[in-house]
Protein chains: 4
Amino acid sequence: MPKRLFKELERAYGFDDVAIVPGQVTINPDLTSTKLTIGDRPFDIPFLASAMDGAVSPHFATLMHQMGGLGVLNAEGLYTRYEDPHSILEEIISMPQSEVTEHLQQVYSAPIQEHLIGQRVQEIRKSGATCAVSFTPQNTKRMSPLAVEAGADIVVVQSTVTTARHMSRSYRGLIFSELINTLHVPVVVGNCVTYSVAQELMETGIDGILVGVGPGSACTTREVVGVGVPQVTATLECAAAREDYFRRTGRYVAVITDGGLRTGGDVCKAIASGADGVMLGTPFAQAEEAPGQGYNWGMANAHPELPRGTRIHVGIKGTLRQILYGPTSVTDGTQNLVGALRVAMGMCGAYTVRDLHKADMVIAPSIKTEGKFYQVGL
Amino acid sequence: MPKRLFKELERAYGFDDVAIVPGQVTINPDLTSTKLTIGDRPFDIPFLASAMDGAVSPHFATLMHQMGGLGVLNAEGLYTRYEDPHSILEEIISMPQSEVTEHLQQVYSAPIQEHLIGQRVQEIRKSGATCAVSFTPQNTKRMSPLAVEAGADIVVVQSTVTTARHMSRSYRGLIFSELINTLHVPVVVGNCVTYSVAQELMETGIDGILVGVGPGSACTTREVVGVGVPQVTATLECAAAREDYFRRTGRYVAVITDGGLRTGGDVCKAIASGADGVMLGTPFAQAEEAPGQGYNWGMANAHPELPRGTRIHVGIKGTLRQILYGPTSVTDGTQNLVGALRVAMGMCGAYTVRDLHKADMVIAPSIKTEGKFYQVGL
Amino acid sequence: MPKRLFKELERAYGFDDVAIVPGQVTINPDLTSTKLTIGDRPFDIPFLASAMDGAVSPHFATLMHQMGGLGVLNAEGLYTRYEDPHSILEEIISMPQSEVTEHLQQVYSAPIQEHLIGQRVQEIRKSGATCAVSFTPQNTKRMSPLAVEAGADIVVVQSTVTTARHMSRSYRGLIFSELINTLHVPVVVGNCVTYSVAQELMETGIDGILVGVGPGSACTTREVVGVGVPQVTATLECAAAREDYFRRTGRYVAVITDGGLRTGGDVCKAIASGADGVMLGTPFAQAEEAPGQGYNWGMANAHPELPRGTRIHVGIKGTLRQILYGPTSVTDGTQNLVGALRVAMGMCGAYTVRDLHKADMVIAPSIKTEGKFYQVGL
Amino acid sequence: MPKRLFKELERAYGFDDVAIVPGQVTINPDLTSTKLTIGDRPFDIPFLASAMDGAVSPHFATLMHQMGGLGVLNAEGLYTRYEDPHSILEEIISMPQSEVTEHLQQVYSAPIQEHLIGQRVQEIRKSGATCAVSFTPQNTKRMSPLAVEAGADIVVVQSTVTTARHMSRSYRGLIFSELINTLHVPVVVGNCVTYSVAQELMETGIDGILVGVGPGSACTTREVVGVGVPQVTATLECAAAREDYFRRTGRYVAVITDGGLRTGGDVCKAIASGADGVMLGTPFAQAEEAPGQGYNWGMANAHPELPRGTRIHVGIKGTLRQILYGPTSVTDGTQNLVGALRVAMGMCGAYTVRDLHKADMVIAPSIKTEGKFYQVGL
């Protein structure tokens, strides 16, 4: 009797499953341009720092701007729940690992103080930096106008999984098209991982989407609820949606791969998969200047009933400048991320990020079977 | 010369091979319903506790009922072989690992005392709980009527592999259609893993099937005899049989994935594969209230000549309530299993278990490739 | 530009890649028959012990016969190079690991004493046991008649890779059809792994083929020279050749999977892949009665210029009877191999080995993702 | 909605993913010929030693010639930057691991002294050996004529990724057809990994291509920039280009697989994938006579801003003669590489390297699944 299945499954791929194929032509890295545009906002490098309290403080957002990228401030985190977030940060960092999830649940149960939203935005704007702040869908309608009034340049609406249509008993689902008409600044929404959700979100008029469910190192969504799509496949789907939407409407929506990127290699693969930019948490939390001082954690980690992830020790690896631009003597791909991107672009003959979209990729065996020295024991 | 093969092999998948894709619409978890029905018996949550002596005692079955689920009592285990099973449990638990298989072989060679079957059923019924008891096919015809007379609500007929047709020299194979006509209570049969066996079992009139051969953590059937099908594929096949049978007859048979589920993620994946319910051993044996006090073992482990599996130390992780409903500060997916199911349903826009059947799944690279550090324990 | 490849590669599978699917009908294990026939020689169980000096001595061959199987004596090993092989065995066993390959190279450079061939055959025959001896192709023409004259019942011709046509400068390739006409006893030839070589060998009139290149635990052929085919695929190919040859000629040639089998599960999978019998080295070298006393090594390990493999410590696991028939309290599949085979046959509804050939198999994820208890650490 | 992807990915394979299938006919290894030709230069064995300063000194190049192979001298390394490279080698070797990348960056920033190029060539030629020197594309036009004037027999032009068309702001891309008209010696170019680049390079008139991006054990290109193609697939593509080019033009260009080969098995697989020769770094750096004295490192390791790889401790395994020809008592495939190649050729019935191109290969499960214990060393 032939096998009958309830549904068909297709294979999905993550960064460690693929490799980029060099191009037919090569160019010198100094000929490459790494520009990214979100709405009308241009950036020299396609790097965003995640809205995680261990990675982005107002000060860190300023530094990211000076480096050519964008740091997104979590507008529902410690900086808007506490006048003085620094003592809270100290507490989190010094907590023993066994008690830290419970502690995170507690400190994140303090209410958001709305006046602090504007205050944090102004701290960033004062420095001359582009200011991006992130909200969850529940709070976006009420709180995001406060941020924009105070001068925020970009609003990010983010939850683990976001769709254009959310059903809730307790609040009316956020209507993105209304939001955009209200705010008059670029809006970035996420996270999503499929062609169809990406397309439906783009139809609402947003300027960027965040791609990625469950891949980050400070997140255990996939273990806890089984939901997630590896980043290469997720990016390939969302980029296909962007292309189709662009062909139909002439409007180009930025696709930003968010989460699970650890090395320059991962960044290059995300872009070769079709991303216009990348959003990283842990690699930036490893900067000397990051507020987490070698630790990182996510918002879902503090869920009062079903925490997904915990505080992880990520270490301090160097200055933000070294992490982005080198020079470095580290050889594992965690520093000089921009340099790595330029070298990959050169190997693929890509003058621009958009050119690197055309690079071929292969599904390649796990790195460890090729790039390490193996010793055969008895 | 072209390659010739004796037979073709298709790929099969387990929980760690797949991930659920978020839906086109999302809903708030508080809008979801997790109901399961077996025959005419409704349950608030689709969770069954396995008929393993380390997991389900009469008292634990009562607690499972209070939580909205169902604990199945092993009617051929310690509770029906010994008036006082507690001292036997103590012995098993305190035995050094190197001697425990031999000890299990010995204590399980004591005869089943038929009067204890009714007595255990009555202990459960007295508390007001729904009572389910399990038998092996060899003993079902003789012993299951004793249980039903004493008030059992559901009869489970279970062996490693069960089919509608079993050939034996020593006893006439159990005829399920006759059994059903005799008992007048819902009958659940297992385990099976293929479309065709599931369909043939459904034709006999049973109310539920248990899916899974060889996947559980206390079982080594696949190492010892090479037989087994990973749970996602097994569930996909049996769910296809249920759909076809339902379309043809209008009768809906519950498909219950049994074994190999460790986390909320696994539970969600089983249901997204088409299961109506899940049966777990080890996660419930980890409850404070479980009779195994941090240990678990299966019936095949005590086979006198070919034991398959052994006593494993599973630890005590929390109360049954915490394991099912949280709240929790544990972030590895082993607590708040119902909460996890509701969150996954929300991410997939599923109001009911039946809706979650429609979620897409992908074959996804092993979790460890996305930046986590995994430790293999016992 | 479309990808162009120099050649196409197909996927091949080993034991750990597959699992057997239970059947539509089940039978009690006591109804199964495990018989194997090689030429006109019947055996109660389809188990052969490999011609390795650490596994089969004349005494061990006698024991294998008493158990219903067949032990093959290496007629070019220590027993025919030394009057007193026991002191040589002691030396090998007591040698430090770092010096053992050099030592093996040295002791195996002693010449074969042809009079010892007949003497060892007679030792086995005296006990009433079926006597099988193995030669390499180079020595078969000259030495195998000596063994048959002395009473050998079966001649095995074995090298790492054997074909029906071998080209050599130093000796005329062995013509199997001539050999068969000379010897008048069943001839088993190996090793091979492909449909076409198996078929060409069968055409010469031989009675059995050994399947397997490079899979054994005491062999590193695949590392050293890159040659090898995993055992499930190799067996599937050779079994297809047997079927086609049988349909065309009516003559049934035994297919014996040789090497890489460690557990009852592996044995069952080999037979479900189409093998009529299995040949094991290490599992028999682990018997109390084996000459290697807990150590094993192969002939290629002693190659003077390119040794492939070394002496491995395999431990002593039990008596030969326990390994074959149990009873056992070991739960990892290494004991009661015959019992395991009968249980698998029961689960698949197979009355005979030939019936088990019809069982379905699936490509299943690595056992460790399903059958172990995993702990998620940070 | 059907899944839409931005691009399709094909599977690529490395050495550990495949195995060679034995042939229909076998031959004795002493009947095999292992000859390689590059342009008009014949070699008895198809082995090249990589242009790495830890592997090839002028003296080592002489030894490789005496063994029948070819050692390529790095003409932009320590031997042309320093009059006395030995003290620099000592420094590199004695540096603590934590400081060595920084140190490599520093010593390789010393300028190339052009007069040393000719001097090193003459040292090699004086011994009667064939002399091959390697340059990066940037320096080839200016420096390679100096080497040829001094007597170099073969010029290698090598960078991580080389194409027939390179775009640069700072220098005019190297035109290979012009170079060939100027030099009048065989030119080998690399590295490349695709059919189309290989073909375009062959069209320029070069005599050999080096295949491999990112696979070597002293290189982390794939981690750092995400670019790389596993060696079996890369070789299969480039060999297809060679065949098509040969059929069209009658000119045969040598395909040399470079990097990631550790064992005899890897060498055999590269050739079965279509390579005419192989280039190894680490296995030769493990020779007693190698300048690295048990250490190895690559040029990309010293990149001032983005080092890719570091100094690795490879150990000293034996004399160059033992590594190439044995005899050996080592059983892990790292010695007697030529013997291993001859044995594999025998098993495949291949009289020549060109015959081994016809061998079948299979995609085979990781070796470790067939019963071996592997240890991952540095």
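Note that the coordinates shown come from a computational prediction; the quantities given were computed from them, not determined experimentally. (Residues numbered from 1 in each chain as written. Chains lettered and ligands numbered in written order. Predicted model: local features only at pLDDT ≥ 70, side-chain atom pairs only at ≥ 80, totals over all residues.)

Examining the overall build of chain A
Then, in step 1: A tally of regular secondary structure across chain A gives 15 helices and 17 strands.
Then, in step 2: At 20 Å, chain A has a C-alpha radius of gyration in line with the 21 Å of a compact globule built from 378 residues.
Then, in step 3: Long-range pairs, those at least 24 residues apart, make up 66% of the contacts in chain A with a sequence separation of at least 6. (Helix = DSSP H or I, 4+ residues; strand = E, 2+ residues; numbered from the N terminus. Rg over C-alpha atoms; globule rule 2.2 N^0.38 Å. Contact = placed C-beta atoms within 7 Å.)

Some details on the sheet that holds strand β9 (residues 154–158) of chain C
All names here are of chain C.
Then, in step 1: Strand order around the closed barrel formed by eight strands is β6-β7-β8-β9-β11-β12-β13-β14, with parallel pairing between neighbours. Each strand of the sheet is rotated relative to its neighbour by a mean of 25 degrees, with strand direction disregarded.
Then, in step 2: Sheet topology note: the β9/strand β11 (residues 187–192) ladder contains four bridges and is parallel. When the bridges of β11 are listed, Val155 appears paired with Val187.
Then, in step 3: Seen against the sheet, helix α1 (residues 58–66) touches β6 (47–49) and β7 (70–74) and runs at an angle of roughly 160 degrees to β7. (Pairing = 2+ DSSP bridges. Axes fitted to C-alpha atoms, helices over the stretch in contact; angles between N-to-C directions.)

Some points on the environment of Glu288 of chain D
All names here are of chain D.
Then, in step 1: Topologically, Glu288 is positioned in the loop between α12 (282–285) and β15 (295–296).
Then, in step 2: We classify Glu288 as partly exposed; it has 14 C-beta atoms within 10 Å.
Then, in step 3: A C-alpha to C-alpha distance of 9.8 Å links Glu288 and Arg321, two positions 33 residues apart in sequence.
Then, in step 4: For Glu288, the contacting residues outside a window of four places in its chain are Ile316, Gly318 and Thr319. (Buried ≥ 20, exposed ≤ 12 C-beta atoms within 10 Å, placed from the backbone.)

Section: the relation of the copies chain B and chain C
Two chain copies here: they are related by a rotation about an axis and a translation along the same axis.
Then, in step 1: It takes a turn of 90 degrees to lay chain B on chain C, together with a shift of 0.0 Å along the axis; the resulting RMSD is 0.0 Å. Taken together, the rotation and translation relating the two chain copies correspond to the operation of a four-fold axis.
Then, in step 2: Comparing interface residues between copies, only 16% of those in chain B also sit at the interface in chain C, which points to a heterologous contact through distinct surfaces. (Least-squares fit on C-alpha atoms with pLDDT ≥ 70 in both.)

Quick look at the interface of chain B and chain C
Then, in step 1: With 64 residues of chain B in contact, the opposing surface of chain C contributes 58 residues.
Then, in step 2: For the side of chain B that touches chain C, the secondary structure elements donating two or more residues are β1 (10–11), α4 (97–107), β10 (166–167), α8 (195–203) and α9 (221–225) of chain B.
Then, in step 3: Class assignment for the residues of the side of chain B that touches chain C results in 26 nonpolar, 22 polar and 16 charged.
Then, in step 4: As defined by bridge partners, β10 of chain B adjoins strand β3 (residues 26–27) of chain C across two bridges and the pair is classed as parallel. Along β3 of chain C, the bridge assignment pairs His166 of chain B with Thr26 of chain C. (Nonpolar A, V, L, I, M, F, W, Y, C, P; charged D, E, K, R; others polar.)

Describing helix α14 (residues 337–347) of chain B
Then, in step 1: Of all eleven residues that make up α14 of chain B, eleven are buried, and the element is covered over most of its length.
Then, in step 2: For α14 of chain B, the complete set of buried residues consists of Leu337, Val338, Gly339, Ala340, Leu341, Arg342, Val343, Ala344, Met345, Gly346 and Met347 of chain B.

Notes on the sheet that holds strand β13 (residues 254–258) of chain B
All names here are of chain B.
Then, in step 1: The strand order around the closed barrel formed by eight strands is β6-β7-β8-β9-β11-β12-β13-β14, and the pairing between neighbours is parallel. Here the strands of the sheet are splayed against their neighbours by 25 degrees on average, with no regard to which way each runs.
Then, in step 2: Taken together, the four bridges between strand β12 (residues 208–211) and β13 define a ladder with parallel strand orientation. In the sheet register, Gly208 faces β13, and the bridge partner there is Ala254.
Then, in step 3: Across the sheet, α8 touches β11 (187–192) and β12, and the angle it forms with β11 is around 165 degrees.

With respect to unusual backbone geometry
Then, in step 1: Cis geometry marks the peptide bond from Gly190 of chain B to Asn191 of chain B, where omega comes out at 5 degrees.
Then, in step 2: Mapped onto the fold, Asn191 of chain B is located in strand β11.
Then, in step 3: Residue Pro327 of chain B is bonded to the preceding Gly326 of chain B through a cis peptide linkage, with omega at -5 degrees.
Then, in step 4: Positioned with a positive phi, Asn336 of chain B is a non-glycine residue whose angle comes to about 60 degrees.
Then, in step 5: By C-beta crowding, Asn336 of chain B is classed as buried, having 26 other C-beta atoms within 10 Å.
Then, in step 6: One non-glycine residue, His184 of chain D, lies in the positive phi region at around 60 degrees.
Then, in step 7: Mapped onto the elements, His184 of chain D comes out in the loop between α7 (176–183) and β11 (187–192).

Quick look at the interface of chain D and chain C
Then, in step 1: On the chain C side, the residues contacting the 52 residues of chain D number 53 residues.
Then, in step 2: For the side of chain D that touches chain C, the secondary structure elements donating two or more residues are β2 (18–20), β3 (26–27), α8 (195–203), α10 (231–249), α11 (264–272), α14 (337–347) and β17 (361–363) of chain D.
Then, in step 3: By residue class, the composition of the side of chain D that touches chain C is 25 nonpolar, 18 polar and nine charged.

Observations concerning the confidence of the model for chain A
When pLDDT is low, close inspection of the predicted coordinates is not appropriate.
Residues and elements named next belong to chain A.
Then, in step 1: Averaged over chain A, the pLDDT score is 91; the fraction of residues at 70 or greater is 94%.
Then, in step 2: Between residues 367–378, whose pLDDT stays under 50, and residues either more than four places distant or in other chains, the model counts 37 contacts.
Then, in step 3: Confidence estimates for the predicted assembly give a pTM of 0.93 and an ipTM of 0.93. (pLDDT = per-residue confidence, 0-100.)

Section: the relation of the copies chain D and chain C
Then, in step 1: Note on the identical chains: chain D maps onto chain C by a rotation of 90 degrees and an axial translation of 0.0 Å, with an RMSD of 0.1 Å.
Then, in step 2: Here only 6% of the contact residues of chain D are again contact residues in chain C; the copies associate through non-equivalent surfaces.

Structural notes on the packing of helix α6 (residues 137–149) of chain B against helix α7 (residues 176–183) of chain B
All names here are of chain B.
Then, in step 1: Between α6 and α7, the least distance of the axes is 11 Å, while the angle of their chain directions is 20 degrees. On the basis of their axis angle, the class for α6 and α7 is roughly parallel. Along this stretch, α6 crosses α7, giving a crossing that reads as right-handed. From α6, Thr140, Lys141, Ser144, Pro145 and Val148 reach across to α7, where they touch Leu179, Thr182 and Leu183.
Then, in step 2: Taken together, the residues of the contact of α6 with α7 sort by class into four nonpolar, three polar and one charged. (Parallel < 35°, antiparallel > 145°, perpendicular 65-115°, else oblique. Left-handed = near helix turned anticlockwise from the far one by under 90°.)

With respect to α8 of chain D
Residues and elements named next belong to chain D.
Then, in step 1: Looking at α8, one finds that the buried residues are Tyr195, Val197, Ala198, Gln199, Leu201 and Met202.
Then, in step 2: Close packing links the buried residues of α8 with α7, β11, β12 (208–211) and α10.
Then, in step 3: Gly205 sits one or two residues past α8 and shows a positive phi near 105 degrees.

Re the environment of Glu91 of chain A
Then, in step 1: By secondary structure assignment, the location of Glu91 of chain A is in helix α3 (residues 85–94).
Then, in step 2: Distance from Glu91 of chain A to His103 of chain A, taken between C-alpha atoms, is 8.8 Å for residues twelve residues apart in sequence.

Remarks on the environment of Thr233 of chain C
Then, in step 1: With respect to the helices, strands and loops of the structure, Thr233 of chain C is situated in helix α10 (residues 231–249).
Then, in step 2: Expressed as a C-alpha distance, the spacing of Thr233 of chain C and Arg11 of chain C, which sit 222 residues apart in the sequence, is 8.7 Å.
Then, in step 3: Leave out the neighbours within four places in its chain, and Thr233 of chain C touches Ala12 and Tyr13 of chain C together with Val362 of chain D.

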